[in-house]
Amino acid sequence: MLVKEYRICMPLTTEEYRVGQLYTISKHSHQESEKGEGVEVVKNEPHEDPVHGSGQFTEKRVHLSSKLPSWARAVTPRIFYITEKAWNYYPYTITEYTCSFLPKFSIYIETKYEDNCGDSENIFRSDKILGDHEVSFLDIAFDEIPERYYRSLEDPRFFSSAKTGRGPLREGWRQHTKPIMCSYKLVTVKFEVWGLQTRVEQFVHKVIRDILLIGHRQAFTWVDEWCGMTMEEVRRYERETQEATNEIIGTVAPTISVSEVGQPTATHSAPASAPSTPLSDEAPDFLAPPKARPRKKSAPETLTLPALRERTSAE
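Report on the accompanying structure. The shown structure was predicted, so the numbers you read here are calculated from the model rather than taken from an experiment. (Residues numbered from 1 in each chain as written. Predicted model: local features only at pLDDT ≥ 70, side-chain atom pairs only at ≥ 80, totals over all residues. Heavy atoms only, no water.)

1. So, the overall build of the protein chain
- Looking only at helices and strands, the protein chain features 7 helices and 8 strands.
- The proportion of buried residues among the 315 residues of the protein chain is 51%.
- Residue pairs at least 24 apart in sequence account for 75% of intrachain contacts in the protein chain once pairs closer than 6 positions are excluded. (Helix = DSSP H or I, 4+ residues; strand = E, 2+ residues; numbered from the N terminus. Buried < 20%, exposed > 50% of the residue type's maximum accessible area, 1.4 Å probe, protein only. Contact = heavy atoms within 4.5 Å.)

Structural data, given as structure tokens:
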């Protein structure tokens, strides 16, 4: 297995991000869904944990069949999805990803949110971690993302919030920006197949890095859409969006139960899932000698992710 810790700062408070994360995930999941594909919500219900207390349990199916490149579709079932299970005890969450077609593959993510610039050391204190693990600081403004996912409207270097007055973000913004918070994510990737394990696990971490950067960039640059929403309002938005998304996918919308009564404030949270990212039509790095992927810090505005898929399908 390969364990890495990611730290992603944003010019928000953890209280603000509780709403912003829920809004961002719901909106992105809906945008990414089309007939028969996308994120299907199976369960969304209150959950009680003897250690962490009251929280929310979410189960989703991320349908990927049409997003797979041709070489992968040839060896996978016609209906292919990844199961995501999330236990949310904000500001602490646990998320698991598994795939029945690949029983030896899994992703396990622990997340903690704090109002600081990412300077908390040994925040997880996990006995499950053997030895040292790599810690990566991700900068939502200046770290490179794949050119095909770039949108100028979602670039924190140019975005300025009309409601909060925050942004654009300049070099060194993490040292002097207030407010500031950090998402600490401990990510464990397992692919226990001899001969492929190292390359697959490294490839998956590269994908996760891109997903984290894109998702947190969107959470900040969409702030004017969700700023000012109450938890009750954003929960309603989540329910309506999930029902609409499931209808697009072609499933019956599940009964979504969200309990706000009797829970401490610190336990309400958006699902800890990360926005889905389309897979490339080319064979992944682990099937060829490792090489650096071309990245750009900026690029002309391109098509959004859903439009990009339509263009790829047309080709």
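2. Some points on the pattern of salt bridges
- As enumerated under the stated definition, the model contains 11 salt bridges in all.
- For Glu-5, the salt bridge goes to Arg-7, with nearest N and O atoms at 2.7 Å.
- Overall, the relative accessible area of 3% leaves Glu-5 in the buried class.
- Arg-7 is paired through a salt bridge with Glu-121; the nearest N and O atoms lie 3.6 Å apart. Placement of the pair is Arg-7 in strand β1 (residues 2-10) and Glu-121 in the loop between β6 (105-114) and β7 (134-138), with a sequence separation of 114 residues.
- What you see here is one network of salt bridges that share partners, running through Glu-5, Arg-7 and Glu-121. (Salt bridge = Lys/Arg side-chain N within 4 Å of Asp/Glu carboxyl O.)

3. Observations regarding unusual backbone geometry
- Geometrically, the link from Tyr-90 to Pro-91 is a cis peptide bond, its omega value of 15 degrees lying close to zero.
- Within the secondary structure, Pro-91 sits in the loop between β4 (81-89) and β5 (92-98).
- The omega torsion of the bond from Gly-167 to Pro-168 falls at -5 degrees, within 30 degrees of zero and hence cis.
- We note that Asn-122 has phi near 50 degrees; this positive angle belongs to a residue other than glycine.
- Accessibility expressed as a relative area gives 59% for Asn-122, which makes it exposed.

4. Considering helix α6 (residues 231-249)
- An ideal rise of 1.5 Å per residue puts 27 Å on 19 residues; α6 measures up with 26 Å between its terminal C-alpha atoms.
- Regarding α6, the residues found buried are Met-231, Val-234, Arg-235, Glu-238, Thr-241, Gln-242, Thr-245, Asn-246 and Ile-249. Each buried residue of α6 lies within a common arc of 135 degrees when the element is viewed along its axis, so the set occupies one face. With respect to the buried face of α6, the exposed residues turned more than 90 degrees away are Glu-232 and Glu-247.
- The secondary structure elements touched by the buried residues of α6 are α1 (14-31), β2 (38-49) and β3 (53-63). (Expected span 1.5 Å × (residues − 1). Arc of directions from axis to C-beta.)

5. A word on the packing of α1 against α6
- Where α1 meets α6, the axes come as close as 9 Å, and the angle between the chain directions of the two elements is 15 degrees. Of the possible angle classes, the one that applies to α1 and α6 is roughly parallel. In this structure, α1 crosses over α6, and the sense of that crossing is left-handed. Of α6, the residues touching α1 (which contributes Arg-18, Val-19, Leu-22, Tyr-23, Ser-26, Lys-27, Ser-29 and His-30) are Met-231, Val-234, Arg-235, Tyr-237, Glu-238, Thr-241, Ala-244, Thr-245 and Ile-248. (Axes fitted to C-alpha atoms, helices over the stretch in contact; angles between N-to-C directions. Parallel < 35°, antiparallel > 145°, perpendicular 65-115°, else oblique. Left-handed = near helix turned anticlockwise from the far one by under 90°.)

6. Describing the sheet that holds β4
- Across the sheet, 8 strands lie side by side as β2-β3-β4-β5-β6-β8-β1-β7; this open sheet has mixed pairing. One side of each edge strand has no neighbouring strand; the edge strands of this open sheet are β2 and β7. The sheet shows a mean angle of 15 degrees between the axes of neighbouring strands, taken without regard to direction. (Pairing = 2+ DSSP bridges.)

7. Looking at the pairing of β5
- In terms of burial, β5 is a largely internal element, 5 of the 7 residues being buried.
- The pairing of β4 with β5 spans 7 bridges and is classified as antiparallel. Bridging from a neighbouring strand, Ala-86 pairs with Thr-95 of β5.
- Adjacent in sequence and paired antiparallel, β4 and β5 are bridged by 2 residues.
- Direction of pairing for β5 relative to β6: antiparallel, over a ladder of 7 bridges. Paired with Tyr-92 across the bridge in β6 is Lys-112.
- In this antiparallel pair of consecutive strands, β5 and β6, the connection spans 6 residues.

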